[in-house]
Amino acid sequence: MKNKILRKLGYVNLLHRYNIQQAGSRAGLSYGQHPILRALMNNGGSMNQKQISECAHISAPAVTNAIKRLLKQGLVEKRVSEQDMRVTIISITELGEKKMNNFKEQLGTYDEDCFAGISGEELDTFEKILDKIIVNLGGDPDDDRAFFGLFDELQKNGREEDV
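Residues numbered from 1 in each chain as written. Predicted model: local features only at pLDDT ≥ 70, side-chain atom pairs only at ≥ 80, totals over all residues. Heavy atoms only, no water.

S.K.: Explain the overall build of the chain here, please?
M.R.: For the chain, the count of helices and strands is eight helices and three strands. Along the chain, helices and strands appear, N-terminal first, in the series α-α-β-α-α-β-β-α-α-α-α. Each principal axis of the C-alpha distribution contributes one length, and for the chain these read about 55 × 30 × 25 Å. Going through the 163 residues of the chain one by one, you find that 24% of them count as buried. When contacts within the chain are restricted to residue pairs at least 6 apart in sequence, those whose partners lie at least 24 apart make up 56%. Within the structure as shown, the chain displays about 11500 Å² of accessible surface, and the carbon and sulfur contribution to it stands at 53%. (Helix = DSSP H or I, 4+ residues; strand = E, 2+ residues; numbered from the N terminus. Buried < 20%, exposed > 50% of the residue type's maximum accessible area, 1.4 Å probe, protein only. Contact = heavy atoms within 4.5 Å. Areas by Shrake-Rupley, 256 points an atom, 1.4 Å probe, with all protein chains shown as cover.)

S.K.: Explanation requested: the sheet that holds strand β3 (residues 88–92) in the structure shown.
M.R.: Remark on secondary structure: sheet strands pair via backbone hydrogen bonds, oriented parallel or antiparallel. Taken together, the three strands give an open sheet; going across it, the order is β1-β3-β2, and neighbouring strands pair in antiparallel fashion. Each having just a single partner strand, β1 (46–48) and β2 (76–80) make up the two edges of the open sheet. Here the average twist between neighbouring strands, direction ignored, is 30 degrees. In this sheet, β3 lies alongside β1 in antiparallel orientation, the contact comprising three bridges. If you follow Asn48 over to β3, its bridge partner there is Ile89. Across the sheet, helix α2 (residues 33–42) touches β1, β2 and β3, and the angle it forms with β3 is around 95 degrees. (Pairing = 2+ DSSP bridges. Axes fitted to C-alpha atoms, helices over the stretch in contact; angles between N-to-C directions.)

Have a look at this one:
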């Protein structure tokens, strides 16, 4: 029974990633582009690559590659910082904002759809069970920084596909 539950948790993770990828595809974005565009949109539209990497929790090399594709598609533009000529500033373009808004529309009520038919009491119980599993595996369910720290560690080890 425990293996079946773990398999289902993995399946939920895969379905979630698949649905996010499909929404991005319908919006004209490839997987991995929307976190960068979201980071830009949520932080005034412009950031340097290091800030993007930290905010989106994506390795620096992955950010560099994604930005190259985003530049070719006209979704971002880059310029040299006026304060520090060594720093490159990446800014989301109007087209990039349009595609991100389309992505959000494609997701629609995704969060609500995920939990349709599940009562608040069931969600509370489910969250408590997940918290116990996280603790059993050595994690801290109340520390988002720990989650992203683990995520970043997996990326450094070249295993970001496992997250």
